[in-house]
Amino acid sequence: MRASEETVILRIHAVQPSIGITTTGWNPAAMEIKSEIYDERNKKGGTETEQSNPGRRPGEPRPSWDQYFMDIVELVGKRSTCLRRKVGAILVKDKRILTTGYNGPPMGIAHCSETGCLRDEWNIPSGERHELCRGLHAEQNAIIQAAYHGITINGATLYCSNLPCIICSKMIINAGIKEIIYRHGYADKLAEDMLKEAGIEVRRL
């Protein structure tokens, strides 16, 4: 057996005893050999797995909590079947996610991607006549999920893709949500004025 083959076997015995591989014949020298293999691989640019998932580089900053939660909002929004825009929302308290929501029709109702967009058919501009839509907004679904599962959201922070509309804003005020952090603006001046009057902190990230 060549030295390189023996080294790989020793490495497997040392690292994977928890999945049933016997460690018979293993000795501490294997750890030194394994370390040498890793050093050699690092010189060549790392293994295939290490190259595809390199982890955080030295000096690379961690995302802030706001950025972390906003990234999750974007992921949640990808579940949306809305033909106009994909919106996500999450409710957070004490750095813990309470609920998530994305825009779309109620449970058991056909998706707009299947039926077509009612608002497009009726030529309704964005930001107007919110009631003329088959879907619920992401913020509404996040609040509804809390009620459905009996989760208290009083004092929570809402992270969302867009500044909430007037309908969502009134729900947010009465739900006791204390702060809104959003990424994109929304054409609803009344919502902005009402949130300001209610004393809810609103920040754009």
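Definitions and limits used
Residues numbered from 1 in each chain as written. Predicted model: local features only at pLDDT ≥ 70, side-chain atom pairs only at ≥ 80, totals over all residues. Heavy atoms only, no water. Buried < 20%, exposed > 50% of the residue type's maximum accessible area, 1.4 Å probe, protein only. Helix = DSSP H or I, 4+ residues; strand = E, 2+ residues; numbered from the N terminus. Pairing = 2+ DSSP bridges. Right-handed = clockwise from strand over helix to strand, strands pointing away. Phe/Tyr/Trp six-rings, centres within 6.5 Å; stacked < 30°, edge-to-face > 60°. Contact = heavy atoms within 4.5 Å. Disulfide = S-S within 2.5 Å. Axes fitted to C-alpha atoms, helices over the stretch in contact; angles between N-to-C directions.

Caption draft 1: Quick look at the pairing of strand β4 (residues 179–184). When you tally the buried positions in β4, you get five out of six residues, the bulk of the element. Two strands pair when backbone bridges link them, and strand β3 (residues 157–162) and β4 are joined in this way by five bridges, in the parallel orientation. When the sheet's bridge partners are listed, N162 is paired in β4 with H184. Handedness of the crossover joining β3 and β4 through helix α8 (residues 166–175): right-handed. In this sheet, strand β5 (residues 201–204) lies alongside β4 in parallel orientation, the contact comprising four bridges. Across the sheet, I180 pairs through a bridge with V202, a residue of β5. Between β4 and its parallel partner β5, the chain crosses via helix α9 (residues 189–197), and the hand of that crossover is right-handed.

Caption draft 2: The packing of aromatic side chains, seen in detail. As enumerated under the stated definition, the model contains four aromatic pairs in all. With a centroid separation of 5.2 Å and an interplanar angle of 45 degrees, the aromatic rings of F69 and Y159 are classed as tilted. Taken as a pair, F69 in helix α4 (residues 65–77) and Y159 in strand β3 lie far apart in primary sequence, 90 residues in all. Y159 carries the same exposure label as F69, and that label is buried. Grouped by ring-pair contacts, the aromatic residues W65, Y68, F69 and Y159 constitute a single cluster.

Caption draft 3: Representation of α8. By the burial criterion, the buried members of α8 are I166, C168, S169, I172 and A175. Among the structural elements, α7 (138–149), β3, β4 and α9 are those in contact with the buried residues of α8.

Caption draft 4: The arrangement of unusual backbone geometry in detail. Here D94, not a glycine, exhibits a phi torsion of approximately 55 degrees, which is positive. Position of D94 among the secondary structure elements: in the loop between β1 (88–93) and β2 (96–102). Positive phi values are uncommon outside glycine, yet K95 reaches one of about 65 degrees. Along the polypeptide, K95 turns up in the loop between β1 and β2.

Caption draft 5: Region of interest: the state of the cysteines. Counted according to the given criterion, the structure contains zero disulfides. Free of any disulfide, C117 has its nearest cysteine sulfur in C82, 6.1 Å distant. Assessed through its relative accessible area of 12%, C117 is described here as buried.

Caption draft 6: Geometry of the sheet that holds β4. Pairing in this open sheet of five strands is mixed, and the strands run β2-β1-β3-β4-β5 from one edge to the other. At either end of the open sheet lies a strand with only one pairing partner, and these are β2 and β5. Shown here is a sheet whose adjacent strand axes are inclined to one another by a mean of 20 degrees, direction ignored. Strands β1, β2, β3, β4 and β5 of the sheet are contacted by α4, whose axis makes an angle of about 140 degrees with β1.

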